[in-house]
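Analysis of the macromolecular model
Spelled out from the first residue to the last, the chains are:
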Amino acid sequence: MRLFVSEGAPGSLPVLAAAGRAQGRAELLISTVGPEECVVPFLTRPKVPVLQLDSGNYLFSTSAICRYFFLLSGWEQDDLTNQWLEWEATELQPALSAALYYLVVQGKKGEDVFSPVRRALTHIDHSLSRRSCPFLAGETESLADIVLWGALYPLLQDPAYLPEELGALHSWFQTLSSQEPCQRAAETVLKQQGVLALRPYLQKQPQPSSFEGRAVSNEPEEEELATLSEEEIAMAVAAWEKGLESLPPVQPQQNPVLPVAGERNVLITSALPYVNNVPHLGNIIGCVLSADVFARYSRLRQWNTLYLCGTDEYGTATETKAMEEGLTPQEICDKYHVIHADIYRWFNISFDIFGRTTTPQQTKITQDIFQRLVARGFVLQDTVEQLRCEHCARFLADRFVEGVCPFCGYEEARGDQCDKCGKLINAIELKKPQCKVCRSCPVVKSSQHLFLDLPKLGKPLEEWLEKTLPGSDWTPNARFIIRSWLRDGLKPRCITRDLKWGTPVPLVGFEDKVFYVWFDATIGYLSITANYTDQWEKWWKNPEQVSLYQFMAKDNVPFHGLVFPCSALGAEDNYTLVSHLIATEYLNYEDGKFSKSRGVGVFGDMAQDTGIPADIWRFYLLYIRPEGQDSAFSWTDMLLKNNSELLNNLGNFINRAGMFVSKFFGGFVPEMVLTSDDRRLLAHVTLELQHYHQLLEKVRIRDALRSILTISRHGNQYIQVNEPWKRIKGSEADRQRAGTVTGLAVNIAALLSIMLQPYMPTVSATIQDQLQLPPPACSILLTNFLCTLPAGHQIGTVSPLFQKLENDQIESLRQRFSGGQAKASPKPAAIETMTTAGPQQIQVLMDEVTKQGNIVRELKAQKADKNQVAAEVAKLLDLKKQLALAEGKPLENPKGKKKK
């Protein structure tokens, strides 16, 4: 077969992505041709993409070519996919063609470009949300996903046209865009020019007419509200009116927390951090913080929830650290366990227990599982060649050996990897090896070791996976990693080491060995629970009644999703295995990696000294949580998100709602007489609240945070449209309207305080204290929006929730945590800020400045209230300042009269 594609032809994107998926299924030659080249002999006009089949026939419809590649991959057709393809051709393509034409050919921006596709993008987002599936036709990627992704990619690669409130669409698009076939397709077609690569193609298309002249001002809101049925509105109003009486009794806190038959029992673990490392921001978001959000959410749902973690304390790394610091391994563990516990306490991580693995319970449970595996024939013995230091009288772990790299000649290569050429090394391959402890030359000797017979356990493992994965919330990367291990074939895995610091091996002839840390580290969850309660087996030997959620970075997936399940299945003792394996990608620091030794990046013990509250760190890390693909911490972006999303959006709304109650109604919530618009707003907030629940139940933590910000934006718009500060000065009807708007707004603020609790617990408690929210409402989050602050309720003292982050402050922190990078590149701060912000963020800010400028001009033309104009002008100036900072420009002094 031969596939003809052309640079800058949008149809080439999906067909190349589909071809990438089918790689290896058939012999395929890909040819890049010019846009004017006729490759189909019987067509009079040029046409690409085209697939020439081995039979000599041609396919020249994008969806037909993609369908052919999917069929080669064994994909089976279904009605839902066909419906999506029909919708793409009849609804999406006309709208998308208009948007791209306006953007690329006519040079339009912002709302002019977004307006034609708003309805289509909202439709995709709602479909993904309501089905609660990661892909358009179900749990797995289909032909529809690739065709729609290829159509949308040129536009949505610019985040300005992918609104964050469309969280499901956002997640879907990023998941597909991070896949290698899609990335290669984008590089081939767009050639790093972005959407501008399509200009020659689009210039030859007729000017779109169907979208010209369409009103864009209020249409989005009307369309979104129009999706609500009268029944949905009536149900939302009924739930609102029941108020606090809808809340079930608050369940008393158990101690210890134990499963309850017939109820939902949720067991949550976060990957045990190595005790000798101080965790950096990537470690914190990948494990403990993500798990904490889900644990707090589970408690708000009144599920029986146990959240545990602890320090992983055995192994070579601990011995090495002890040697470096002149301490015993136990002293190192005691020292760093306290450091870890202090860091997580500052980040407000709500463990039920934070334990450690150096306990008698760890030895007892690990040895029991091992002996059950031996008794059932799942443990093998084999000989391994290792380096042994005769002077120290021990076999040397990789980290205890240095020598000359056999590949590049570097003289300080480690026993596992060369830091100069980066190649992996077997320690016995080193030239002139030396023991790092005594500097004598070790010798190669054989050592007997024990292996877990994974091939023998493969069948029960696959049977368990077939039963567990369908309907579970394993993240796509976790599923992919486990399938890769199974596809490549399981091999026996060594479970012992020649060390002194570890769990002793209870087998004759192996008394001088300990278990390999990755055999017994995952058993640490069980022993930590056993140290919490002697009824630990109610959690860990109860798979029928317990749902186990395990949080980690993707490098830990094989041990949690394969090695420990094999050990537990082989032990045949009815162990609780992971139901939902939640793995993140990696968080990078600015444009590099975290490095404690080079002083690059923020580590847990340093965040406390920045002057930025823990909840701000929590918010930003969760906002950029690496779901689906790697993400990066950026100081400039942190400033922008704090000042825009927290200060100007969330904080602004909640503060205004509370201040109106205090200022206009003496601190008492006024009577609320709901209009049809108010009832629709109730239903819309309820819908977004239910979306929040759907996302968190599927552990889509980052996307659920967007729902909070979306509700806050709706609240700000509601206040802005209804202007209670004006109505309170008017007629009796106007004052009543001001009361209704204020009462509804402060109840939305109360709802937001509960939704925020998993993400920003301190801010949540502050809002609830300011609003004097009744205690039952603080502990339970239902799926309906309730009136929790009825008329006559007295609130407390309202004050601002967030502080603005200033550029000087952020620039100082950037320099402080840049380590050697700062010395290597002494660029002016303005230049550094500009490169960090990136053109996409700058474009977003430019659009916001333009939009706010229009608001100011309209208000002045209407001769609006001076205070209102001043407030909007202040917002405009602040946006301009943010834009200047993002562009790296020096801040100009404001124009006007000089002070005398």
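None of these values were measured; they are calculated from a predicted model.

Here the focus is the overall build of the protein. Helix and strand counts for the protein come out as 33 helices and 20 strands. Projected onto its principal axes, the C-alpha coordinates of the protein cover approximately 90 × 80 × 65 Å. Burial status across the protein gives 55% buried among its 900 residues. Carbon and sulfur atoms make up 50% of the accessible area of the protein, which totals about 39500 Å². Each charge class in the protein can be summarised by its mean position, and for the 93 positive and 103 negative side chains these summaries are 5 Å apart.

What follows deals with empty space enclosed by the protein. Inspection of every chain in the model, using the stated rule, returns seven cavities of 30 Å³ or more. Lining the largest cavity are L247, L689, L751, I754, A777, I780, L781, L782, N784, F785, L786 and T788.

With that out of the way, let us pick up the packing of aromatic side chains. One pass over the structure, following the stated rule, counts 28 aromatic pairs. Between W149 and Y153, the aromatic rings sit 5.0 Å apart at their centres with planes inclined by 45°, giving tilted as the arrangement. Pair noted here: W149 and Y153 are both in helix α5 (residues 143-156), with a separation of four residues, about one helical turn. Each member of the pair, W149 together with Y153, is buried. Ring geometry for Y297 and Y692: centres 6.2 Å apart, planes at 80°, overall edge-to-face. Placement of Y297 in helix α11 (residues 281-300) and of Y692 in helix α24 (residues 676-697) is noted, with a sequence separation of 395 residues between them. Judged by relative accessible area, which is 0%, Y297 ranks as buried.

Let us now look at the sheet that holds strand β5 (residues 265-270). Spatial strand order, β7-β6-β5-β17-β18: five strands in an open sheet with parallel pairing. Each having just a single partner strand, β7 (353-356) and β18 (580-584) make up the two edges of the open sheet. This sheet shows a mean twist of 20° between the axes of neighbouring strands, independent of strand direction. Note that β5 and strand β17 (residues 546-553) share six bridges and pair parallel. When the bridges of β17 are listed, V266 appears paired with S547.

Okay, the state of the cysteines next. What the rule picks out here adds up to zero disulfides. There is no disulfide at C435, and the cysteine sulfur nearest it, in C438, is 3.9 Å away. Overall, C435 belongs to the buried group, its relative accessible area being 0%. Of all cysteine sulfurs in the structure, the one in C566 sits closest to C494, which takes part in no disulfide; the separation is 16 Å.

Our focus in this paragraph is unusual backbone geometry. Here V48 and P49 are connected by a cis peptide whose omega angle stands at 0°. Relative to the helices and strands, P49 is located in the loop between β2 (29-32) and β3 (50-52). For the peptide bond that leads from N255 to P256, omega is 5°, which places it in the cis range. With respect to the helices, strands and loops of the structure, P256 is situated in the loop between α10 (230-242) and β5. Positive phi, close to 65°, is recorded for Q302, a residue that is not glycine. The topology assignment puts Q302 in the loop between α11 and β6 (304-311). One non-glycine residue with positive phi stands out, namely R439, at about 70°. Summarising the element assignment, R439 is placed in the loop between β12 (431-435) and β13 (443-452).

Now for α10. Counted at 1.5 Å a residue, the expected span for α10 with its 13 residues is 18 Å, and the 19 Å between its end C-alpha atoms agrees. Taken residue by residue, α10 has I233, A236, V237, A239 and W240 as its buried positions. End-on, the buried residues of α10 take up no more than an arc of 165°, which puts them together on one face. Exposed side chains of α10 directed beyond 90 degrees from the buried face belong to E230, E231, M235 and E241. Summarising the contacts, the buried residues of α10 are in contact with α24 and α27 (732-755).

Moving on, we come to the domain arrangement of the protein. Domain parsing of the protein yields domain 1 (2-203), domain 2 (271-382 + 455-584), domain 3 (648-794) and domain 4 (839-887). On the domain 3 side, the residues contacting the 15 residues of domain 2 number 18 residues. For the pair domain 2 and domain 3, the two sides together bury roughly 1500 Å², of which 62% comes from carbon and sulfur. Broken down residue by residue, the surface that domain 2 buries against domain 3 is led by V293, Y297 and L300, which jointly contribute 43%. Counting every contact that joins domain 2 to domain 3 gives two salt bridges.

This brings us to the side chain of D573. Its location among the elements puts D573 in the loop between α20 (557-571) and β18. Among residues more than four places away in sequence, those in contact with D573 are D368, R372, K541 and A568.

Looking now at the pattern of salt bridges. Pairing between side chains of opposite charge can happen when the charged atoms of each approach one another. A full pass over the atoms with the stated rule returns 34 salt bridges. For E627, the salt bridge goes to R625, with nearest N and O atoms at 2.7 Å. The exposure class of R625 is buried, given its relative accessible area of 3%. If you follow the salt bridges from partner to partner, you end up with R372, E537, K541 and D573 in one network.

Looking now at the packing of α11 against α24. Viewed as axis vectors pointing N to C, α11 and α24 meet at an angle of 125°, and their least axial separation amounts to 11 Å. The angle between α11 and α24 falls in the class oblique. In the crossing of α11 with α24, the sense of the turn from one axis to the other is left-handed. Seen from α11, the contacting residues are V293, F294 and Y297; seen from α24, they are Y692, H693, L696 and E697. Its residues placed into classes, the contact of α11 with α24 shows five nonpolar, one polar and one charged.

So, on to the sheet that holds strand β1 (residues 2-5). What the four strands build is an open sheet, ordered β2-β1-β3-β4; its pairing is mixed. Lying at the two open borders of the sheet, with one neighbouring strand each, are β2 and β4 (58-59). Note: β1 against β3, three bridges, orientation antiparallel. Opposite L3, over in β3, you have L51 as the bridge partner. On top of the sheet, helix α1 (residues 12-21) reaches β1 and β2; it is set at about 150° to β1, its chief contact.

Rules behind the numbers
- Residues numbered from 1 in each chain as written.
- Predicted model: local features only at pLDDT ≥ 70, side-chain atom pairs only at ≥ 80, totals over all residues.
- Heavy atoms only, no water.
- Helix = DSSP H or I, 4+ residues; strand = E, 2+ residues; numbered from the N terminus.
- Buried < 20%, exposed > 50% of the residue type's maximum accessible area, 1.4 Å probe, protein only.
- Areas by Shrake-Rupley, 256 points an atom, 1.4 Å probe, with all protein chains shown as cover.
- Lys, Arg positive; Asp, Glu negative; His and termini not counted.
- Charge placed at Lys NZ, Arg CZ, Asp CG, Glu CD.
- 1 Å grid on protein atoms, 1.4 Å probe; cavity = no way out; pocket = protein on both sides within 12 Å on 5 of 7 lines; lining within 4 Å.
- Points joined across faces, edges and corners; volume = space filled by probe spheres on them.
- Phe/Tyr/Trp six-rings, centres within 6.5 Å; stacked < 30°, edge-to-face > 60°.
- Pairing = 2+ DSSP bridges.
- Axes fitted to C-alpha atoms, helices over the stretch in contact; angles between N-to-C directions.
- Disulfide = S-S within 2.5 Å.
- Expected span 1.5 Å × (residues − 1).
- Arc of directions from axis to C-beta.
- Contact = heavy atoms within 4.5 Å.
- Domains from an automatic or database assignment.
- Buried area = accessible area lost by both parts, 1.4 Å probe.
- Salt bridge = Lys/Arg side-chain N within 4 Å of Asp/Glu carboxyl O.
- Parallel < 35°, antiparallel > 145°, perpendicular 65-115°, else oblique.
- Left-handed = near helix turned anticlockwise from the far one by under 90°.
- Nonpolar A, V, L, I, M, F, W, Y, C, P; charged D, E, K, R; others polar.

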